[in-house]
Amino acid sequence: MSSEDKDEMVVTPWEVRGKVDYERLIREFGTQPLTEELLKRLESFTGELHLQLRRELFFSHRDLDTVLDLYEKGTKFVLYTGRGPSGPVHIGHLVPWIFTKHLQDHFDTRLYFQMTDDEKFLIDDENKLEDMTRYGFENALDLIALGFKPENTFIIYDVQDIDLLYDIALEVAKRITYSTARATFGFQDSTNLGWVFWPAVQAVPCFIHKKLTGENVPALIPAAIDQDPYWRITRDIAQKLGYHKPAQIHNRFLPGLGIGGKMSASEPETCIFTTDTPEVVKRKVWNAFTGGKGTATEQRKTGADPTICTIFQYFLYLFEQDDKKLAEREKRCRSGEILCGECKKELPERINTFLAEHQKKREKARDTLEKFHIKR
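Parameters at a glance
- Residues numbered from 1 in each chain as written.
- Predicted model: local features only at pLDDT ≥ 70, side-chain atom pairs only at ≥ 80, totals over all residues.
- Heavy atoms only, no water.
- Helix = DSSP H or I, 4+ residues; strand = E, 2+ residues; numbered from the N terminus.
- Rg over C-alpha atoms; globule rule 2.2 N^0.38 Å.
- Buried < 20%, exposed > 50% of the residue type's maximum accessible area, 1.4 Å probe, protein only.
- Areas by Shrake-Rupley, 256 points an atom, 1.4 Å probe, with all protein chains shown as cover.
- Lys, Arg positive; Asp, Glu negative; His and termini not counted.
- Charge placed at Lys NZ, Arg CZ, Asp CG, Glu CD.
- Expected span 1.5 Å × (residues − 1).
- Bend = angle between axes of the 7 residues up to and from the residue.
- Contact = heavy atoms within 4.5 Å.
- Core = buried A, V, L, I, M, F, W, Y, C linked by side-chain atoms within 4.5 Å.
- Arc of directions from axis to C-beta.
- Axes fitted to C-alpha atoms, helices over the stretch in contact; angles between N-to-C directions.
- Parallel < 35°, antiparallel > 145°, perpendicular 65-115°, else oblique.
- Left-handed = near helix turned anticlockwise from the far one by under 90°.
- Nonpolar A, V, L, I, M, F, W, Y, C, P; charged D, E, K, R; others polar.

Visitor: Before we move on, can you summarise the overall build of the protein chain with the specific residues and values?
Guide: Tallying secondary structure elements over the protein chain gives 18 helices and 9 strands in all. Whereas a compact globule of 376 residues would reach a radius of gyration of roughly 21 Å, the protein chain reaches 21 Å, a difference of no more than 12%. Along the first, second and third principal axes, the C-alpha set of the protein chain runs to 65 × 50 × 45 Å. Per-residue burial for the protein chain yields a buried fraction of 52% across its 376 residues. Approximately 17800 Å² of the protein chain is accessible, and the part contributed by carbon and sulfur atoms is 50%. Measuring between centres, the 53 positive side-chain charges of the protein chain sit 3 Å from its 59 negative side-chain charges.

Visitor: Mind laying out unusual backbone geometry, listing which residues take part and the relevant values?
Guide: With a phi close to 60°, E56 is a non-glycine residue in the positive phi region. Inspection of the secondary structure assignment puts E56 in the loop between α4 (51–54) and β4 (58–62). Taking the relative accessible area as the measure of exposure, E56 reaches 48% and is therefore partly exposed. Of note, D63 is a non-glycine position whose phi angle comes to about 65°, a positive value. Locating D63 in the fold gives a position in the loop between β4 and α5 (64–72). Note on D63: relative accessible area 23%, which makes it partly exposed.

Visitor: Outline helix α9 (residues 162–174), listing residues and values.
Guide: Helix length check: α9, at 13 residues, gives a terminal C-alpha distance of 17 Å against a target of 18 Å (1.5 Å per residue), a fit within 8%. Where α9 bends most, the angle comes to about 30°, and this point is I168. Of all the residues in α9, the buried ones are L164, L165, I168, A169 and V172. Looking at the packing, one finds that the buried side of α9 touches β7 (153–157), α11 (193–203), α12 (208–213) and α13 (228–238).

Visitor: How would you summarise the nonpolar core if you had to cite specific residues and measurements?
Guide: Note that soluble globular proteins tend to have their nonpolar side chains buried in a common cluster. Counting residues in hydrophobic clusters, the biggest one holds 36 residues, and the most contacted among them are Y112, I168, V172, F207, I208 and I374. Elements represented by at least two residues in this core include exactly β5 (78–83), β7, α9, α10 (178–185), α11, β8 (219–224) and α13. Not counting the four nearest positions on each side in its chain, F207 is found in contact with I168, V172, T234, I237, A238, L241, Y243, H244 and P246. Formed by 35 residues, the second largest nonpolar core is a distinct cluster that contains L42, F77, A140 and L369.

Visitor: Now, about α5: what can you tell me, with residues and values included?
Guide: Buried within α5 are the following residues: L64, V67 and L68. For α5, the arc enclosing every buried residue in end-on projection is 95°, short of the 170-degree limit, so these residues lie on one face. Where α5 is buried, its residues contact α3 (36–46), β4, α6 (91–107), β8 and β9 (247–251). Phi for G74, located one or two positions after α5, is positive at around 105°.

Visitor: Tell me about the packing of helix α16 (residues 310–319) against helix α17 (residues 323–335), residues and numbers included.
Guide: Closest axis-to-axis distance for the α16/α17 pair is 10 Å, and the angle between their directions is 165°. Judged by the inter-axis angle, α16 sits roughly antiparallel to α17. Between α16 and α17 lies a crossing whose hand is left-handed. Residues F312, F315 and L316 of α16 form the contact with α17, whose own contacting residues are L326, R329 and E330. By residue class, the composition of the contact of α16 with α17 is 4 nonpolar, no polar and 2 charged.

Visitor: So what about the packing of α3 against α6? Which residues, and what values?
Guide: Running from N to C, α3 and α6 cross one another at 55°; their axes reach a closest spacing of 9 Å. Taken together, the axes of α3 and α6 are oblique relative to one another. Touching L42, F45 and T46 of α3 are H102, H106 and F107, all from α6. Residues of the contact of α3 with α6, tallied by class, amount to 3 nonpolar, 3 polar and no charged.

What follows is the structure, given as structure tokens:
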């Protein structure tokens with residue numbers, strides 16, 4: 001692959017690479033930007049703007065305003081997000097989950113969390129079904145470790161729970177033509193039949209609350225924008241089936257520690273897994289790409305560029321809660337007052353403090369895992 005191909009933006013449910021232009025994605029995907037007015041409405045319900053909203057890490061939506069309109073009139077909503085369990089969880093996966101918990105806590109609502117072990121088996125010839133299923137249970141530990149409560153959190157494992165999903169998946173599949181699916185997902189003649197059907201399975205948690213409780217309420221989906229095509233076709237047929245259209249709120253991708261692109265488990269040296277040891281974290285951070293200059297002298301003179309620095313992005317996304325301190329770090333970076341080595345020394349300490357606590361909670365979660373399994 002040429003350097004030009006690597007720089008080209010590609011954003012699909014199965015691949016994200018290149019420099020991501022979020023304004024272009026809003027135009028091409030037909031979503032709506034998060035406005036100040038909409039953020040103020042959210043703040044009126046939650047009492048505060050979450051860090052990820054203040055820093056514009058969530059940037060786009062579909063029908064968030066409609067969901068809030070209904071909520072004001074007494075119609076609650078449920079939350080839906082998920083994970084494609086093809087390996088261990090990395091910190092980038094935690095970003096929308098942390099925000100999802102914020103919404104769950106403030107709106108006192110259910111979360112349906114889908115483990116798409118079937119999808120990961122279907123899209124890669126090298127993947128074995130038993131491995132994807134095992135990863136699903138392991139990944140669930142990371143979700144639980146963030147503090148979700150079992151009374152309001154329901155994890156769906158697609159293969160294990162297919163009997164619960166299949167009738168709704170059939171209703172969805174019957175109303176989406178192959179022509180629409182091919183245009184949306186780029187299916188080819190070589191695409192296997194399971195992969196073609198699978199989007200119908202991903203649609204099910206948008207509607208499953210009615211089946212389980214009798215309540216017909218909308219689902220709000222916090223997720224990265226690469227998953228948007230699934231909800232786009234689901235929205236087209238929702239009302240035909242008697243449901244609300246699912247709404248979404250889209251987050252930016254946490255960059256990997258390399259040059260360009262989102263954090264990806266396929267490049268393990270550029271991402272921080274939740275199971276990494278302190279020594280591994282330090283090594284990965286020390287080798288990370290920054291916005292610094294060739295020499296300390298030059299950087300002291302002309303400053304660095306935090307907008308392309310992967311180290312700064314980690315402070316932005318997760319590891320600096322204080323907005324004033326973050327702004328001060330950016331100012332010192334641009335002025336050359338602080339060098340990359342100083343940030344590279346500080347960041348592992350913050351990551352490892354977080355991971356030490358997360359890993360303890362993750363192990364404790366093994367004892368409660370069954371309590372989160374979706375109730376029949």
